[in-house]
Amino acid sequence: MTNSGEKKQLLHLVFGGELESLDDVQFRDLSGLDIVGIFPDYASALTAWKSKAQSTVDNAHMRYFIVHMHRLLDPEDRSGK
C-alpha cells in the first residue's frame, strides 16, 4: 500500500540496440539489445537515455528508446509523461 503523500510511480523502460537501417526500427540482433533499466519517472529515464545515446554517438545505427510502461500498465491513465 502506498502513502497518499507519495508521488505516483510512472514506470519507464530505457533500452536500445543497433538498427538494420536508418529508415526503420528493426533491430539487427534482438539478443544483443541493451536493457538499460526501468525507472520510476520520466526525468530519471531521460537522464539514463541521454547518457547511453551520447556514449554511442559514433555509431549511427545505434538507437536508444524510452518506453512509457505506465501507459501500457494503465492505458486509461493520462497523467505524466
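Below is a short write-up of the structure. (Residues numbered from 1 in each chain as written. Predicted model: local features only at pLDDT ≥ 70, side-chain atom pairs only at ≥ 80, totals over all residues. Heavy atoms only, no water.)

1. Some points on the pattern of salt bridges
Applying the stated criterion across every chain yields a total of 2 salt bridges. Between Glu-18 and Arg-28 there is a salt bridge, with the nearest N and O atoms lying 3.1 Å from each other. Within this pair, whereas Glu-18 is found in strand β1 (residues 12-18), its partner Arg-28 is found in the loop between β1 and β2 (34-39), the two being separated by 10 residues in sequence. We classify Glu-18 as partly exposed; its relative accessible area is 30%. Between Asp-34 and Lys-52 there is a salt bridge, with the nearest N and O atoms lying 3.1 Å from each other. (Salt bridge = Lys/Arg side-chain N within 4 Å of Asp/Glu carboxyl O. Helix = DSSP H or I, 4+ residues; strand = E, 2+ residues; numbered from the N terminus. Buried < 20%, exposed > 50% of the residue type's maximum accessible area, 1.4 Å probe, protein only.)

2. Let's talk about the sheet that holds β1
With respect to topology, 3 strands assemble into an open sheet ordered β2-β1-β3, the strand pairing being antiparallel. Looking at the sheet topology across the chains shown, the edges are occupied by β2 and β3 (62-68). Direction aside, neighbouring strands of the sheet carry axes that sit 15° apart on average. The pairing of β1 with β3 spans 7 bridges and is classified as antiparallel. Bridge assignment links His-12 to a residue of β3, and that residue is His-68. Along the sheet face, helix α1 (residues 42-55) touches β1, β2 and β3 and points at about 175° away from the line of β3. (Pairing = 2+ DSSP bridges. Axes fitted to C-alpha atoms, helices over the stretch in contact; angles between N-to-C directions. Contact = heavy atoms within 4.5 Å.)

3. Thoughts on α1
A rise of 1.5 Å per residue sets the reference length of α1, with its 14 residues, at 20 Å; its end C-alpha atoms lie 20 Å apart and thus fit the reference within 8%. Near the N-terminus of α1, the side chain that reaches the backbone nitrogen of Ala-43, with its oxygen 3.4 Å away, is that of Asp-41. (Expected span 1.5 Å × (residues − 1). Polar contact = N/O pair within 3.5 Å; in protein donor to acceptor, adjacent residues only side chain to side chain.)

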